[in-house]
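Reading the structure
Below, each chain spelled out in residue letters.
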Amino acid sequence: MHAGAFDEVTSCLVKVPEKTEGGNNMALVENVTTLQKSQNLLEAEGEKKTMIKKIMRQIQEEPLDSLSSSVRKQAMEILTQLSHTQPTLGMRERSELVNVCVHSVFSLPSVQAMQEKDEAKAETIQTLYHQTLEALQTLLKALFIEDPTPAGLKSILEALGPWMNSGKAHERARAVNSNVSVLNHMLLTLPFFMPLGFPALGLLLGRLILRIGDPDEEIGCEALDGIIILYTILELQKRARDKEETNKKELYESNKHFLGPYNPVSPCQNILRVIEEFGDFLGPQQIKDLLLAALEGLKGSSEAPGKDSREMMQLASEVMLSSVLEWYRHRALEVIPEIMQGIYMQLSHIQEPRARQVALLPVSLLASSFMTEVVVALLMCPLPLNRGMSTGFEDIRPGHIWTLQLISCVILDCNGAEMWRQLILCKPSCDVRDLLDLLLGSLKEKPVTKEGRASIVPLAAASGLCELLSVNSCMGHVRRIYPQLLLALLIQVHYHIGLNLPGCVDPPKDTKKGAQPSPFIPVRWVVKVVKTLILRMGCSYETTFLEDQGGWELMEQVESHHRGVALLARAMVQYSCQELCRILYLLIPLLERGDEKHRITATAFFVELLQMEQVRRIPEEYSLGRMVEGLSHHDPIMKVLSIRGLVILARRSEKTAKVKALLPSMVKGLKNMDGMLVVEAVHNLKAVFKGRDRKLMDSAVYVEMLQILLPHFSDAREDVRSSCINLYGKVVQKLQAPRTQAVEEQLVSTLVPLLLTMQEGNSKVSQKCVKTLLRCSYFMAWELPKRAYSRKPWDNQQQTVAKICKCLVNTHRDSAFIFLSQSLEYAKNSRASLRKCSVMFIGSLVPCMESIMTEDRLNEVKAALDNLRHDPEASVCIYAAQVQDHILASCWQNSWLPHGNSWVCYSATTHRWSPSCENLPTSHQRRSWIMQALGSWKMSLKK
C-alpha cells in the first residue's frame, strides 16, 4: 500500500503532449491533488527525499538543446508542493536540488534559437519557456520560505552566481531575472531579521553591479532594479534593528529615485553611484567579496562576443575595483591575504591581456597603503608545485642576462610572477628598498616551523626576489644588501635539501611530447635563484667556474653542500669580486648564529675568504682561534672546514708554525669520519707536509694519518677507495729513515688490503694499489714476488697466490695472524670479487701457517668457509668448497691437524670420504665438491 502511494505521486512525471497553450493541464491538477492526499503518508514513511531524487533524475534526463514538453515545468511545480511537506531538506540536499533545476533551465538555448529550430511551434515554445522559468523562480521562492535563514538564502544565490558572468546573453538575463525575483520575494515577505546580516552581500552586489555594465541594456536595467531592491532590504533590516516602522513601497520608490535611473550611455556612472551609497553596509568581508566578484567578471569577459562587449565588461570591472579600493581601502586591511589569494586563483582563468592588467590593480592599489601586508600575503600564496619547473634556467649563461626577464615565467607560475611584477613596477624606489628588506627578512626564516610543518614562505620570498631581479631599476637597491641576500639564499639552499613542501607533486605527463617533465625540487629552485642573483651582480666568471666544477649540483646534496658553497667563495676570491670585503665582515658575527646548517654554510664560505689579504686586519681570535675551536666540534663537516681554514692560514709565514703545531690535532680529528670527508681533509693537509722542514715532522703524525686512511680501502664508493689508496702512497713517500717500529707495523698491516683490493676487478683502483704497494716496498725494502705487483686475476694462478702467502709468512711471521684476520674480514665484503679473492688467499695462507696455527683460529676459518659455501655468488661458493678441500688435504699430508678432528668429520660426512683410505684427499672425486657447492648455492638462492 505504501509503495503504491509513492508510485501514485511520482507517476505524474510522464511526458505528455501539451493540451493547452497556458495554465496548468489536467495531469498537473491530478498530481497536486494526489500529492496533497498522500502528504501524511509521505511524512510517515519518510519518502520525501527519495521522491525528490527521482524527480531530479527526471529533470536531468530532459534534453538541454530544446524545450519540447512540460516535464521540467511539472517537475518543478511538484517540487514546489513538496517543499511545504516534512521533513525539511538539509543544506547540501537543497543546494543540489537548486543546482540541478537551474542548470536544466538556464542551459536551454535562447527562445529565439529554439523558435527558429521549430518554427511551427514558435508560439508554444515561447509560452512554455516563460511557464518553465516562472516555475523555477516559484520553486526558488518556496525553498527560501522553507528555510528563511542566511544559510538557506546563500544556498540559492550561490547556484545563480556563476550564470551571472556567462558569455551568453540569454543565460545572463535568466540569472539576473531570477536573482531579482528572489530579492523581490524577500522584500515582499518582510518583515524578517537576519541577525548575522545579509549572506554573501558582497558577491551578490558585485555580480549585480557588473551586470549594470552589460552590453545588453535590458540586463543592465534589471540588474540596477535588483540593486535597488537589495538596498531597500538592507535599509529595512537597519531600521528593524532601530525598531523603526517603515512603508516598504515608499522606501523602495525613494531608493529608486536616490540611486538614480539606469544610464545606458554611461553605465559606469550608475556603478560609481551604487558603490558610493552602499558604503554603510560594506565591511571587510563585503569589500573582499566585491573585489572577487569584479574578478569573476573579467574571467567571463573573454567569452563575451565582440570586442566592444569585452571592453565594456573590462571597464565595468576596472571602475568597480578602483572605486572600491579608493573609497574603502582602509576596510580591506584585515582581508588582504584573502584578496591576494583570490587574485592568484582567478588569474588562472583570465587569459585576455587587458583583463589580466585590470585584475592586478588591487595589488598595486593596496600596496600603496599596506605594502608590508601585501608582501606577506603574496608570500603565503601557494606556489604551483605541481608544474615542471626544471627547464628554462639551464639556458642562462654569462653574456645572456636578458634571459633573466623570462625566468619567473618559465620557472614559476606566471600568475605569481605577474603579481610580484605588478607590486614592484608600481612602487617608487623608496618602497622597493622596503620591499627588499621584507624579502630578506623572509629569507632568514626556516622553511620548517617549530611544529615541524613545512613553510613555503622562504621559497616564495626567493621567487619574489627572482622577479625583482628582472627589473633593472631595482638593481641599485639589490646591491645595497647583496651580501645579506647571498648568504641568506645559500643557507636556504641547505635548509631545502630533501625538503618536501605542501602540494609538491609530480607534474602531469606532457601528452604532446609524450615525455614526463621533471618534478619540482625546491632546493634546485633556490640554487637557481642564487645563480640569478650572482649573474645580475655581474659575476659571470664565477658562474662559469661553478658550472665547470659542478658546484651547483654539489650545493643540492646534503653530503656535499659545503663543497658547493666553498667553490662559490673560492671563485669569488679568484676573480676578485668587489663585494668580498663586505661579505667577509658580515660573516664574522654570523658564524655563531643559527643552527648547524646555518653555521656549516657560513663557515664554508668564510674559510675560503681567509685567502684574502684583508684577513690580516682581523683579530686572530676570529680567524686562527675560530678554526682551532672547530677542530673539536662534534660535526665532522665543521672539523674538515676548520682543517681547510688552518691549511689556508698556514700559507702566511706568520702563522705557519702555529698551524703546523696543530697538525696532530688535525689528524686526530679525522678518526671515525666518513671516507669522503677524510679524502677532502687529507687533500688539504698535504699542503702542510710540503716544505724543507718536513724531515723534522714527527713520524707519529704520519702513522696516525696512515691508520686513518687504511680502513677506507674497503669503502663501497670507488672514488673513496681510489683516493684513500693514492693518498696512502703519497704519505708513505714523505716518510723518512730510520724506520720506527710503529711505521713498520703500519705498513705491514697494509699488505693484505692492497693485495686483495688489487684483485677486485676495478682497473682504476687496482692501478692505485700497485703504485702504493711499490712505494711501501721501496721504503721497507721488501722483496715480494714479482707477481705480487700484477693485476692479473688469481683464478688460474693458485701457485702465484701460494708463493705470495709463503713470502708474507716467512718475512713477517709475527704478523701472520693479522694477515689471516684481515683476509677473513674481507671475506665479508659486500663485493663478490673481494670475497672470492679473500677465499683464495685464505686457502693459500692457512697451510703456510701450519707451525703456528691454533685450533681456535682454524675453527674460525672453518666457520667462515662454511658460511661462504652458501654465498649467493656461485664463484664464491665454489671457491669456498675448493679451499676447504685444499686446507684439509694439507692437514692430512703434513699431519698438523689440531686435536678433535671436527673438520675431518664434517668434510668426510659432506663429501663421503673414507677415513680408512691411505691417500684420502687425492682419492676424493673432484666432481663431488663442485656439485655440492652448486647445490648449496642453489639452495641459498631459493631462500
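Not measured: the values here are computed from a predicted model.

**Focus: the overall build of the protein chain**
For the protein chain, the helix and strand inventory stands at 48 helices and zero strands. When each of the 943 residues of the protein chain is scored for burial, the buried share is 55%. Considering only intrachain contacts with a sequence separation of at least 6, the fraction spanning at least 24 residues in the protein chain is 75%. Carbon together with sulfur atoms contributes 51% to the accessible area of the protein chain, which is approximately 42,300 Å² in total.

**Considerations on the packing of helix 32 (residues 636-649) against helix 35 (residues 675-689)**
Viewed as axis vectors pointing N to C, helix 32 and helix 35 meet at an angle of 15°, and their least axial separation amounts to 9 Å. Comparing the axis directions of helix 32 and helix 35 gives the class roughly parallel. Of the two possible hands of crossing, helix 32 and helix 35 adopt the one that is left-handed. Side by side, helix 32 and helix 35 meet where P636, I637, V640, I643, R644 and V647 of the first sit next to L677, E680, A681, N684, L685, A687 and V688 of the second. Looking at the contact of helix 32 with helix 35 residue by residue, the classes come out as 10 nonpolar, one polar and two charged.

**Side note on the side chain of R172**
By the secondary structure assignment, R172 is in helix 9 (residues 169-189). Residue R172 is classed as buried on the basis of its relative accessible area of 5%. Beyond its immediate stretch of four places on either side in the chain, R172 contacts W163, M164, N165, S166, G167, R211, D214, P215 and I219.

**Concerning the nonpolar core**
Counting residues in each nonpolar core, the largest one holds 289 residues, and the members touching the most others are F198, M340, L486, F605 and L747. Once residues lying within four places of it in the same chain are set aside, the contact partners of F198 are L153, L157, L183, M186, L204, L230, I233, L234 and Q237.

**Focus on the environment of D216**
With respect to the helices and strands, the residue D216 is situated in the loop between helix 10 (201-212) and helix 11 (217-241). With 93 residues separating them in the primary sequence, D216 and S309 have C-alpha atoms 9.1 Å apart. Within the local environment of D216, its side chain forms a polar contact with the backbone nitrogen of E218, the two atoms lying 2.9 Å apart.

**Concerning the packing of aromatic side chains**
Describing an aromatic ring pair means giving the distance of the ring centres and the angle of the ring planes. What the rule picks out here adds up to nine aromatic pairs. Each member of the aromatic cluster is reached from another via a ring pair, and the members are Y231, F258, F278 and F281. When the ring centre of F258 is taken as origin, the NZ or CZ atom of R273, which lies over that ring, is 4.8 Å away.

**Digging into the pattern of salt bridges**
As enumerated under the stated definition, the model contains 36 salt bridges in all. Its salt-bridge partner being D289, residue K288 comes within 3.6 Å of it at the nearest N-O pair. We note that K288, like D289, is buried.

**Regarding the packing of helix 7 (residues 122-146) against helix 8 (residues 150-160)**
Two elements in contact, helix 7 and helix 8, have axes separated by 9 Å at closest approach and are oriented at 150°. By the angle between their axes, helix 7 is roughly antiparallel relative to helix 8. Along its contact with helix 7, which presents L140, L143 and F144, the element helix 8 presents L153, I156 and L160. Split into classes, the residues belonging to the contact of helix 7 with helix 8 amount to six nonpolar, no polar and no charged.

**A few points about the environment of Q115**
Relative to the helices and strands, Q115 is located in helix 6 (residues 111-117). Measuring from C-alpha to C-alpha, the distance between Q115 and I125 comes to 6.7 Å, with 10 residues separating the pair along the chain. Contacts of Q115, omitting those with residues within four sequence positions, involve A122, I125 and Q126.

**Let's talk about the side chain of N270**
As for its position among the elements, N270 is in helix 13 (residues 267-277). Beyond its immediate sequence surroundings of up to four residues, N270 is in contact with I212, L224, L259, G260, P261, Y262 and N263.

**Thoughts on unusual backbone geometry**
Residue P738 follows A737 across a cis peptide bond; omega there is 0°. Residue placement: P738 occurs in the loop between helix 37 (718-734) and helix 38 (741-748). Phi angles above zero are rare outside glycine, and N672 is one such case at about 55°. When you line up the elements, N672 lands in the loop between helix 34 (663-668) and helix 35. With a phi close to 60°, A781 is a non-glycine residue in the positive phi region. By the secondary structure assignment, A781 is in the loop between helix 40 (763-780) and helix 41 (798-811). Residue A781 is classed as exposed on the basis of its relative accessible area, which comes to 57%.

**Quick notes on the environment of E553**
Tracing the sequence through the fold places E553 in helix 27 (residues 551-555). Note on E553: relative accessible area 46%, which makes it partly exposed. Expressed as a C-alpha distance, the spacing of E553 and G564, which sit 11 residues apart in the sequence, is 7.5 Å.

**Topic: helix 11**
In this model helix 11 runs 36 Å from its N-terminal to its C-terminal C-alpha over 25 residues, within 8% of the 36 Å that 1.5 Å per residue would give. Between a side-chain oxygen at the N-terminus of helix 11 and the backbone nitrogen of E218 the separation is 2.9 Å; the capping residue is D216.

**Examining the confidence of the model for the protein chain**
Per-residue pLDDT for the protein chain averages 80, and the proportion of residues at 70 or more is 81%. Predicted confidence in the protein chain is weakest over helix 19 (residues 407-411), with a mean pLDDT of 36, and strongest over helix 28 (residues 561-574), with 95. The low-confidence segment residues 12-33 (pLDDT under 50) makes 32 contacts with residues lying over four places distant or belonging to another chain. Note on residues 35-39: pLDDT is under 50 here. Beyond four places in sequence and across chains, it has 10 contacts.

**What about a positive patch on the surface?**
Among the surface-exposed residues, K53, K54, R57 and R92 lie close enough to one another that they form a single positively charged patch. If one sorts the elements of the positive patch by residue count, helix 3 (residues 48-60) sits on top with three residues. Secondary-structure assignment places K53 in helix 3.

**Concerning helix 29 (residues 580-590)**
Restricting attention to buried positions, one finds in helix 29 the residues L580, I583, L584, L587, I588 and L590. Burial along helix 29 is one-sided: seen end-on, the buried residues are contained in an arc of 165°.

Quick notes on the rules
Here the residue index of a chain counts from 1 through its sequence in written order. A pLDDT threshold of at least 70 governs which residues receive local features in this predicted model, and a stricter bar of 80 or more applies before side-chain atom pairs are shown or counted, although totals over entire chains, interfaces and linings include all residues. To get the side-chain values, all heavy atoms of the structure are used, and hydrogens and water are removed first. Strands here are runs of E lasting at least two residues and helices are runs of H or I lasting at least four, both read from the DSSP assignment and numbered beginning at the N terminus. Per-residue accessibility, obtained with a 1.4 Å probe over protein chains only, is compared with the maximum for each type, and a residue is labelled buried under 20%, exposed over 50%, and partly exposed between these values. By definition in these notes, contact holds between two residues if any of their heavy atoms fall within 4.5 Å. Residue burial considers only the protein chains on display, and all accessible areas are found by Shrake-Rupley using a 1.4 Å probe. Angles run from 0 to 180 degrees between N-to-C directions of axes, and those axes are lines fitted to C-alpha atoms, restricted for helices to the stretch in contact. Orientation categories follow fixed angle ranges, with anything under 35 degrees roughly parallel, anything over 145 roughly antiparallel, 65 to 115 roughly perpendicular, and all other angles oblique. By convention, the crossing between two helices is left-handed when the near helix turns anticlockwise from the far helix through less than a right angle, and right-handed when the turn is clockwise. Ten residue types, Ala, Val, Leu, Ile, Met, Phe, Trp, Tyr, Cys and Pro, are classed as nonpolar, four, Asp, Glu, Lys and Arg, as charged, and the remainder, Gly among them, as polar. Throughout this description, the term nonpolar core refers to a set of buried Ala, Val, Leu, Ile, Met, Phe, Trp, Tyr and Cys residues connected via side-chain atoms within 4.5 Å. Any pair of nitrogen or oxygen atoms within 3.5 Å is treated as a polar contact; in protein, a donor-acceptor pairing is required on top of that, and neighbouring residues in sequence qualify only through side-chain atoms on both sides. Centres within 6.5 Å are what make two rings of Phe, Tyr or Trp a pair, Trp counting through its six-membered ring; a difference in plane orientation under 30 degrees is then read as stacked, over 60 as edge-to-face, and the rest as tilted. Whether a charge sits over a ring depends on NZ of Lys or CZ of Arg being within 6 Å of the ring centre and within 35 degrees of the ring normal. By definition here, a salt bridge exists when the distance from a side-chain nitrogen of Lys or Arg to a carboxyl oxygen of Asp or Glu is within 4 Å. Here a helix's expected span is defined as the number of its residues, less one, multiplied by 1.5 Å. As a per-residue measure, pLDDT tells how confident the predictor is, with possible values from 0 to 100. Like-charged residues within 9 Å of one another, or nonpolar side chains (Val, Leu, Ile, Met, Phe, Trp, Tyr) within 5 Å, are grouped into patches, provided each residue has over 30% relative accessible area and no salt bridge. When charges are counted, Lys and Arg are positive and Asp and Glu negative, with His and the chain ends excluded. By convention, the point assigned to a charge is CZ for Arg, NZ for Lys, CD for Glu and CG for Asp. Regarding the arc, it is the one traced by the directions from the helix axis to the C-beta atoms.

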